[in-house]
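Residues per chain, in single letters:
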Amino acid sequence: MRIDGRQPEDLREIQMKIDIISSANGSAEVKFGNTVAVAGVYGPKGLFPRHLQESETGILRCRYNMAPFSVDERKSPGPDRRSVELSKVIRLSIEPTIFLEEFPRATIDGFIEIIQADGSTRVTGINALSLALASAGIPMRDLVTACSVGKINDTLIVDLNGEEDNNSQADISFAILPSKNLVTLLQMDGILGKEELIELLNMAKSSCEKIYEMQKKLLKEKYSGE
Amino acid sequence: MKVKEIVLPGEVVDERKGRKLGSGVYLGDDKVFSKVLGIPKVDENEISVIALSGVYIPRVGDRIIGIINEVEISGWSVDINSPYTAFLPFSEAVEEFVDMSRTDLSRYFDIGDTIYCKISKVTKNKVVQVSMNDMSAKKLYSGVIVKVTPTKIPRIIGRGGSMISLMKNKTKCDIIPGQNGVVWIKGEDKTKAIEAVLTVEKESHIVGLTEKIEKMLT
């Protein structure tokens, strides 16, 4: 039994919404328990200053940002070392899925705001951004689905919350293209044995499949009824 | 109410079976996958997916509504509601002979003017040229502009122009839809026409929309 009463392989309660920002081309909000991420996608649009333009392909720009009120102790606003790195990591995990070559000289801007942080913020952000991209009508090879796994008190667990994240022996952020079965993000912190790692990756994959089903259901439901 | 089937990026649309690939799809292992969130269109010749959202990407032959952005030396720069701006060369816009060194091109089109024109050229790197050398091309005077999702324009026109002629007749407005998602409206009952256009955009996936719009406008 874990700190919030879950079994080791249980995900937290997941809620997803799309099209919450009317001025964005696509947007989404994803909640993993107390972690709340909002993503907005703008573009493809013209890219300025011009020296950033690539004549053969479009580019993807990502920003991951934590709100000052998202954590217990106020986080000083603005980009810091951590969020700059996470922005890049998120960009690299989303980039392979987008047909950027269809938009030479243009940019697609993705913004992720963490409204409330309780562990696994980067994977929540990736899930939100992937939904936002799909709802913006951007051509993609597949959706991107992410989740975190880790090890605490020698137990392998799925979807770490903040408390677990701070006290874990190891944690892994993991993102896949679910219907292609390709990994786009794999980051590990801590110490793990080989068997444990393999076991954890399998757990992460099956959790991602659960999340993928939810993403699929949400996007299809948007256009049914009413 | 009946709703058409929807596919997501990465979902299999169909086996290829030697058919042509249309827009919104890509090939992998002889299976055809969707690139976008949209409605699949499969027949014996072609497989494509019509996206439900997205920006306008110019294609040769599209009839669009543009707004003059800038007057340049030998033509105009045109905003075509897309990530890319288009260029309208002087020779593609004006038929008469003009001494270019002495005339100011704003005599013909000035910044802010609205034109109905055709995309005549798009390069690999999406440098776009438009032309007024077309039967239907013209400058649009007054009227209002409504922007909608470009992929919904065929729905606004309807099968064989059924939807657009319905809206024109019922509201006594002149409505010109540009394939870039810009709709130009001028006439008596503008507000009603705008409302109708926006309803079609919002509920384009519903079967039997023409009847609904007819009811709404009467």
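Shown above is the structure to which this text applies.
None of the values given here were measured: they were computed from a predicted structure. Every chain's residues receive numbers from 1 upward, in the order its sequence appears when written. To label them, take the chains in the order written and letter them from A, then take the ligands in the order written and number them from 1. Given that this is a predicted model, residues contribute local features only at a pLDDT of at least 70 and side-chain atom pairs are listed and counted only at 80 or more, while totals for whole chains, interfaces and linings are drawn from all residues.

Caption draft 1: Region of interest: the overall build of chain B. We count a stretch as a helix when DSSP gives it H or I for four or more residues in a row; a strand needs E for two or more, and each element gets its number in order from the N terminus. The secondary structure content of chain B amounts to four helices and 15 strands. Partly exposed residues are those whose C-beta has more than 12 but fewer than 20 other C-beta atoms within 10 Å; with 20 or more the residue is buried, with 12 or fewer it is exposed, and the C-beta atoms are placed from the backbone. Per-residue burial for chain B yields a buried fraction of 37% across its 218 residues. What counts as a contact here is a pair of residues whose C-beta atoms, placed from the backbone, lie within 7 Å. Within chain B, residue pairs in contact and separated by at least 24 positions form 56% of the contacts whose partners lie at least 6 positions apart.

Caption draft 2: Structural detail: the overall build of chain A. Counting its secondary structure elements, chain A contains four helices and nine strands. In sequence order, the secondary structure elements of chain A are arranged as β-β-β-β-α-β-α-β-β-α-β-β-α. Dimensions along the principal axes, computed over C-alpha positions, put chain A at roughly 50 × 40 × 35 Å. By residue count, 47% of the 226 residues in chain A fall in the buried class. Within chain A, contacts between residues separated by at least 24 positions form 68% of all contacts whose residues are at least 6 apart in sequence.

Caption draft 3: Fine view of the interface of chain A and chain B. In this assembly, 30 residues from chain A lie in contact with 18 residues from chain B. When contributions to the side of chain A that touches chain B are tallied by element, the ones reaching two or more residues are β3 (35-46), α2 (121-135) and α4 (194-221) of chain A. Top contributing element to the side of chain A that touches chain B by residue count: β3 of chain A, with four residues. For the side of chain A that touches chain B, the per-class residue count stands at 14 nonpolar, nine polar and seven charged. In this count, Pro and Cys sit with the nonpolar residues alongside Ala, Val, Leu, Ile, Met, Phe, Trp and Tyr, while Asp, Glu, Lys and Arg are called charged and the others, Gly among them, polar.

Caption draft 4: Molecular detail of the sheet that holds strand β2 (residues 20-21) of chain B. Residue and element names in this part refer to chain B. Pairing between strands requires that DSSP locate at least two bridges from one strand to the other. Sheet architecture is open: three strands sit in the order β2-β6-β5, paired in mixed fashion. A single partner strand is all that each edge strand has here, and the edge strands are β2 and β5 (38-42). Here β5 runs beside strand β6 (residues 46-51); their pairing, made up of five bridges, is antiparallel. In the sheet register, Val 42 faces β6, and the bridge partner there is Ile 47.

Caption draft 5: Spotlight on the pairing of strand β5 (residues 106-116) of chain A. Residue and element names in this part refer to chain A. As defined by bridge partners, β3 adjoins β5 across nine bridges and the pair is classed as antiparallel. Paired with Tyr 42 across the bridge in β5 is Asp 109. When strand β4 (residues 59-66) meets β5, the two strands line up parallel, connected through eight bridges. Bridged to Tyr 64 within β5 is Ile 112.

Caption draft 6: Geometry of helix α1 (residues 81-94) of chain A. Residues and elements named next belong to chain A. With 14 residues, α1 extends 20 Å between its outermost C-alpha atoms, agreeing within 8% with the 20 Å of an ideal straight helix rising 1.5 Å per residue. Buried within α1 we find Leu 86, Ser 87, Ile 90, Ser 93 and Ile 94. The buried residues of α1 occupy an angular sector of 135° when the element is viewed end-on, so they sit on one face. Away from its buried face by more than 90 degrees, α1 exposes Arg 81, Val 84 and Lys 88. In the core, the buried residues of α1 are packed alongside β4, β5, α2, β8 (170-177) and β9 (182-190). Here the expected length of a helix is defined as 1.5 Å per residue gap, with one fewer gap than residues. The directions considered for the arc are those from the helix axis to the C-beta atoms.

Caption draft 7: Up close: the sheet that holds strand β13 (residues 144-147) of chain B. All names here are of chain B. With antiparallel pairing, three strands are arranged side by side in an open sheet as β13-β15-β14. Taken across any chain shown, the strands that pair with only one partner, and hence form the sheet edges, are β13 and β14 (173-177). Taken over all neighbouring pairs, the strand axes of this sheet differ in orientation by 20° on average, direction set aside. Two elements, β14 and strand β15 (residues 182-187), share five bridges in a ladder whose sense is antiparallel. Among the inter-strand pairings, Ile 176 is bridged to a residue of β15, identified as Trp 184. Across the sheet, helix α2 (residues 162-171) touches β14 and β15, and the angle it forms with β14 is around 155°. Only C-alpha atoms enter the line fits that serve as axes; for helices the fit covers just the stretch in contact. Angles between N-to-C directions range over 0 to 180 degrees. Sheet strands touched by helix α3 (residues 190-202): β13, β14 and β15. Its angle to β15, the strand with the most contacts, is close to 155°.

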